[in-house]
Every structure is written in C-alpha cells, then in structure tokens.
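# Structural overview for review
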Amino acid sequence: MTGQPANANLKGAFFLDEMVFHPSPEFRKNANVQDARIYLDAEENWLEYWNKEAEKLHWFQKWNFTLRWEQPFAKWFVGGKLNASYNCIDRHLHEGRKNKAAIIFEGEPGDSRVLTYQDLYREVTKFANVLKDLGVKKGDRVSMYMPMIPELPIAMLACARIGAVHSVVFGGFAAGSLRDRINDAGSKVVITVDGGYRRGKVLPMKKNVDEALKENDTVEKVIVVKRTGTEVDMVEGRDLWYHDLMKDALIGCPAEAMNADDMLFILYTSGTTGKPKGIVHGTGGYMVGVSSTHRMVFDIKEDDIYWCTADIGWITGHSYVVYGPLANGATTVIFEGAPDYPARDRFWEIIEKYAVTILYTAPTAIRAFMKWGDHWPAGRDLSSLRLLGSVGEPINPEAWLWYYNNIGKKRCPVVDTWWQTETGHIMVSSLPGISAAKPGSATMPLPGIEVDVVDPAGNPVPAGQSGLLVIKRPWPGMLLTVYNDPQRYVDQYWSEFENMYFTGDRAVKDKDGYFWMLGRVDDVINVSGHRIGTMEVESALVDHPAVAEAAVIGKTHEIKGQAISAFVTLRDNYVGSDELVQELKKHVAAKIGALARPDDIFFTAELPKTRSGKIMRRLLRDIADGKALGDTSTLANPETIAELKESYTD
Ligand code: 7RM
C-alpha cells in the first residue's frame, strides 16, 4: 500500500479522501476475493449470490426458498435444515482438520491450552449430553456469565448442538443487569465460573450469579466451571461443578436438525429505553452471513492464526471469535486478559507467541496503544501479521495510520468493518484484495448488501452530505426479532422509514461512494465500543436516594471514543460534594457494571427541558464538548444553561 503524504496534518482530520491505500500485488494475487466483478454479480441477482454462499455450509436438508420477506420479518433459507455446531465442528473432522487447532487459548496468568477440532468435538458433545441429562431441551434458554475461557464457546456450541438457545451476558455486568437478562430470557440453566481474572485480581462471578438469582423463578441449575479456585457457596440441589458433570459424560451427541429460522441465540444490547433488548438471531441466515463475511473480509486461509480480541459477551465475539472462524475451519485465538497486564505489550507478546496472522481489534484499544508509546509493539516480532481489522466505532484517520504503520508495518491491509448486534455480521467493509482503503472510512457495503444515507424523509442525500444510515434490503444475518417483544422490533428498526431498516447511525457517503460513519443519533453511548443506553445509567442514578433527576450523555473522549457524563439534580436536604460524586459513580458501577461508571458527574439545580418536558440532551452534549449551543428556542427554562455551563467548568 502506498500513498501516504509525508507531512499530512491529521489532527482532527475528517475527510482524507486524497489519501488512498491499495493492496500490494502479492496480497491481491493471493486474496480469496480478487475480482471486483463480485459486486456487480451480486447486484445483478442478490438472492442467487446468497444462495451460492449458503451452499458452502453443510445442510441436512436443502432450502426451498432463499427468502420469504414479509416486511419487517424475514425468513431466510426456508425449508432448509442445518446445525451450527455441526458446521463449526463435525464437518471439519471429515475435511482433514481433525488435528488442526480450532482454539488457541491464552489465559490471563499466561497459561495456555490448544483444542484441536477433535478435542472440540469431544468437549462439546460431552457437554451437550450433560445439558440433555439436566433436562435442557430444544428451544430452552441457557444463560452464560463467563470470562473468555474455552468452556464458553464449548457451552455455546453444546447448546447449538441440541437446539437450546444461548444468552451470553458480558462478564463485566453487575448482578442487577445479569438478573434482568436472565429473567427476560426465562433461562432454565445458568453457566458461570467460580471467579474470573482481571488484571491479577479475581472477580466474584459466581457470587454475582447468586445475587442475580435472588429474584428469579426460572433457573433450575447453575453449572460452575472452576477457573480461579475461589471459594464459592454451592447451593444444594441447584449448583453443580462442571468438572463433576463432565467426568462421566458420554462422547458423541447427534446434532439436532434445526430449521433455518430456528433461534440460535439471544444477545442483549442497549437501546433507547432502560430495558435491554434481547436481539434474536436465527440459525441458517446467521451462519451463512458470518461464515461468508469472515472468509471474504478476513481473507481466511487454511494456515492462518486468526485473533479477534473482542469479548465473546458482545456480538463481535459471537460472530468473529466463535461462529465465523469455526464455521470456516480456522484457528481462533481466545485471550482471557487485558491488553496492559502484566505489561502494555501483552497483545504484541501474544502475536509473537502464536505467530498470529490476522488481528481484529477496536479503535479504543488502538488509541490506548498509541498513547502508551511505539516502543511497546516495536519490542516484539509482529512479522507474522498479514491483515488488520477494526470494529466497534469510527476509527479516526490518525489511529488508522498508526495501526497501519506501527502494527502492520505498512505491509498489511486494514479493514474497517461497520456492523451491529442487530445485523449479525459485517455490512460495510473493504475487501482486502480489491478495495482501495481511505483511512477513517469503512469503505463500501459488501456484495449483496444495500446500504444508503438518507434524509429524514427517506430520500438519498447528495454525496458529501450527512444523513441517516439505512439498510435497503434484507440480509441473511439480520435479527429475527426482539425477544418477547416483536412490537419493539417493528418500532425500533422499521418505523422511522417505510421499507428501510434504520440503523440509528449517521453517515456521509463521499463522491466515490465511500461511507464515513459518524456515530449514533439516538440515546446510545458508545464507550470503548460498548453500547450503553443513557436511560440505563439514568435509571441507576435516580435509584440513589440523593438523586432527583439525571441526564446522561456521551462526551467525546480521546481514547474511549465516548465517555459518560451525568448531570444530576439532587433531592431536598442533599448537597453536592466530591464524596457524593464518588458514591454515585460507585452506585452506577454496582448496578450496571464498571463499564457504565460515569467519568464525570455534575450537580445542577435544573436540567434543560423542552416545554413538553423532554430533557434536551443535545444541549448537554454541546456544553460537555465545549461547542457553540445549537437551537435553544424550544427550551422551557433557558436560564438553566448559564448555570450548567458554570457548573461544568468548575
Ligand atoms: C459490531 C458492533 C453497533 C454500533 C453501530 C455504530 C458503531 C461499529 C463501526 C461503528 C463506525 C465502524 N456492534 N460501530 N462498528 N461505527 N465504524 N467500523 O460494534 O451493536 O455493539 O454496536 O457501533 O454506531 O451502530 S454493536
């Protein structure tokens, strides 16, 4: 790749469309996708395009119809029968990958385990039999609250094998958030660990499960994996050790033939209300989407060592740590720890240790690495790398170039991949063998995908103008619905526009058709690539006895992308103090999890409101970002602004 101007001033740059990076001739020559005609072919007959991609999976029974589209509900591969676990494991045993590493696990303390596809087959089928013996049946929900250890994908694939629906809850969530997610799913079984490692300390994960289950009446069994050796209370008749159950479990368990549109999993994500949304993904469409995009975007080859650093508790981990790579028979690295423990070169150490060839990580991590200094990656051998990926939030051109220069050493294409929990798989990204990349742009929709930027009336906006990002036709991995709440599915995604899915993002399409993503329009904050609803944090704050009202916003943050700022009015008899700020931060962390802890809390006598009583978060955002205030004419209490500005600069 070439073309970087020697002295470009990148600080705050947004459009860098003069800066274009082409794949090297060698990369192009060996790439899985080399011919740009793929876009035209897919456009000509997009259903046929997805048919061809679907044929690369193993089906017990072929589908009759590629798509049945009763807007807004899509059924993909109607009549087809398959199993996700079979596609991720059994198929490879017959295709010469029995002894190939499926999972390379790196524990936080530095312990390591390699599971071949045969090992994975044994562990998954044994655990599937364990679940069956405990009475778990097709359609039953199983919640998982676990760190990044092999038992998590094993449990997911065991559920998939018998047709049970998994709901993985990110290990950083506190007991209250976990409780809400277990209850909404109505799970029969919870799988957890005694404790999880975090920067040398132990998080009491089993204890959080015990706390969460105090208000639950669906869970019959809790299965506990021993990871840290932490002492735990085992509730008689309810709690069971994973290793005890596995000791006598039989190897071999038939893979249930699932309908293409049977549920594979639920994954909760933040929306605009305080209640988390259970995003439901199906089996056929999802598996076609993740395997196809993983093969093309990451150019996956038989001998790649592929590492996606996302936690499996998020969609990126589901699709690109577990299902995508395993469906493609790849070797996927799973890392339990943090990038700065025991030192700030842990990622680079891992790349060196396993000779990782493909790295997929988030802008927030890249910005932290930039800040920590170039000497950390420079001290390790990164020559095995051949492709880099980014996901979770817009990557600023500076971070893109740092990644390209310091990690990829100007040899590796960078793919910036835009997608969502709801889309299931990558929607907008370059194809590394054919696309010219522009740093900061996710480039273009993948073949077969139709994405556009429109005005509030739904008309496409001219090139170079910002608008709302929409998806104009169904795609295989699209969410089936919101669990237990189909109306919310309709309202949230299909009511803003007729005939189009609304992403909740803003974007610009440039004159060359490149997409530049601009972040969320709704009340969702993206902290380090994690979606947090403003309402969730507000509910946690007003739950504290001192708080009368709270408004929470995302504030631009150098490393995290966005950080949480809270504006709080207090009840009578309470006065703001540094101690109270600390107490409220702790309160939010305890209610939701450390990821939702506000960076700043400001006390104010009143919040700016419209005459209909809506808090004007937009104004608060402008104050927090130090911007000139936009339209304040609809404000019912304009005098609050001066006071807010003052409290903010205090
Ligand atoms: C995969 C994931 C989804 C939201 C999405 C965007 C933002 C994700 C990018 C991005 C710009 C990207 N799922 N987002 N990837 N923005 N460029 N490459 O993150 O459900 O957790 O979040 O994340 O706002 O709507 S998610």
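This text follows the structure it describes.
What you see is a predicted model, and the numbers here were worked out from it, not measured in a lab. (Residues numbered from 1 in each chain as written. Predicted model: local features only at pLDDT ≥ 70, side-chain atom pairs only at ≥ 80, totals over all residues. Heavy atoms only, no water.)

## Section: the sheet that holds strand β22 (residues 466–471)
Across a sheet, paired strands are connected by hydrogen bonds in the backbone, their directions being either parallel or antiparallel. Strand order in the open sheet made by the four strands is β21-β22-β24-β25, with antiparallel pairing throughout. Looking at which strands have only one partner, the edges of the open sheet turn out to be β21 (451–454) and β25 (515–520). For this sheet, the mean angle separating the axes of adjacent strands, direction not counted, is 45 degrees. (Pairing = 2+ DSSP bridges. Helix = DSSP H or I, 4+ residues; strand = E, 2+ residues; numbered from the N terminus. Axes fitted to C-alpha atoms, helices over the stretch in contact; angles between N-to-C directions.)

## Section: the nonpolar core
Counting residues in hydrophobic clusters, the biggest one holds 156 residues, and the most contacted among them are Leu120, Phe127, Met144, Phe298, Tyr323 and Leu541. Here this core gets nine residues from one element, more than from any other, and that element is helix α7 (residues 151–162). In contact with phenylalanine 298, not counting residues within four places along its chain, are Thr293, Tyr306, Tyr320, Ile358, Tyr360, Arg386, Leu387, Val415 and Ile426. Within the second largest apolar cluster, 35 residues are counted, among which are Phe21, Phe347, Ile351 and Ile395. (Core = buried A, V, L, I, M, F, W, Y, C linked by side-chain atoms within 4.5 Å. Buried < 20%, exposed > 50% of the residue type's maximum accessible area, 1.4 Å probe, protein only. Contact = heavy atoms within 4.5 Å.)

## Thoughts on the packing of helix α6 (residues 117–133) against α7
Closest axis-to-axis distance for the α6/α7 pair is 8 Å, and the angle between their directions is 65 degrees. At the point where α6 passes α7, the crossing takes the right-handed sense. From α6, Leu120, Tyr121, Glu123, Val124, Thr125, Phe127, Ala128, Leu131 and Lys132 reach across to α7, where they touch Ile154, Ala155, Leu157, Ala158, Cys159, Arg161 and Ile162. Looking at side-chain class alone, the contact of α6 with α7 contains 12 nonpolar, one polar and three charged residues. (Left-handed = near helix turned anticlockwise from the far one by under 90°. Nonpolar A, V, L, I, M, F, W, Y, C, P; charged D, E, K, R; others polar.)

## Concerning the environment of phenylalanine 21
Within the secondary structure, phenylalanine 21 is located in the segment before α1 (25–30). A residue is classified by how much of its surface remains accessible, and phenylalanine 21, at 1% relative accessible area, is buried.

## Remarks on the environment of threonine 125
By the secondary structure assignment, threonine 125 is in helix α6. Spatially, the C-alpha atoms of threonine 125 and leucine 178 are 27 Å apart, while their sequence positions differ by 53 residues. Not counting residues within four places of it along the chain, the set of residues in contact with threonine 125 comprises Arg161, Leu250, Ile251, Gly252 and Cys253. Of the polar contacts made by the side chain of threonine 125, one reaches the backbone oxygen of tyrosine 121; its length is 2.8 Å. (Polar contact = N/O pair within 3.5 Å; in protein donor to acceptor, adjacent residues only side chain to side chain.)

## Things to note about the site of the ligand
Of all residues adjacent to the ligand, which total 17 residues, the nearest are Asp416, Thr417, Thr421, Arg520 and Arg531. Within the backbone of proline 394, one N or O atom sits 3.4 Å away from a nitrogen atom of the ligand. Notes on the ligand: free accessible area 530 Å², of which the protein chains cover 97%. When contributions to the shell around the ligand are tallied by element, the ones reaching two or more residues are α12 (315–327), β20 (414–417) and β25. The class makeup of the residues in the shell around the ligand is six nonpolar, six polar and five charged. (Near = heavy atom within 4 Å. Areas by Shrake-Rupley, 256 points an atom, 1.4 Å probe, with all protein chains shown as cover.)

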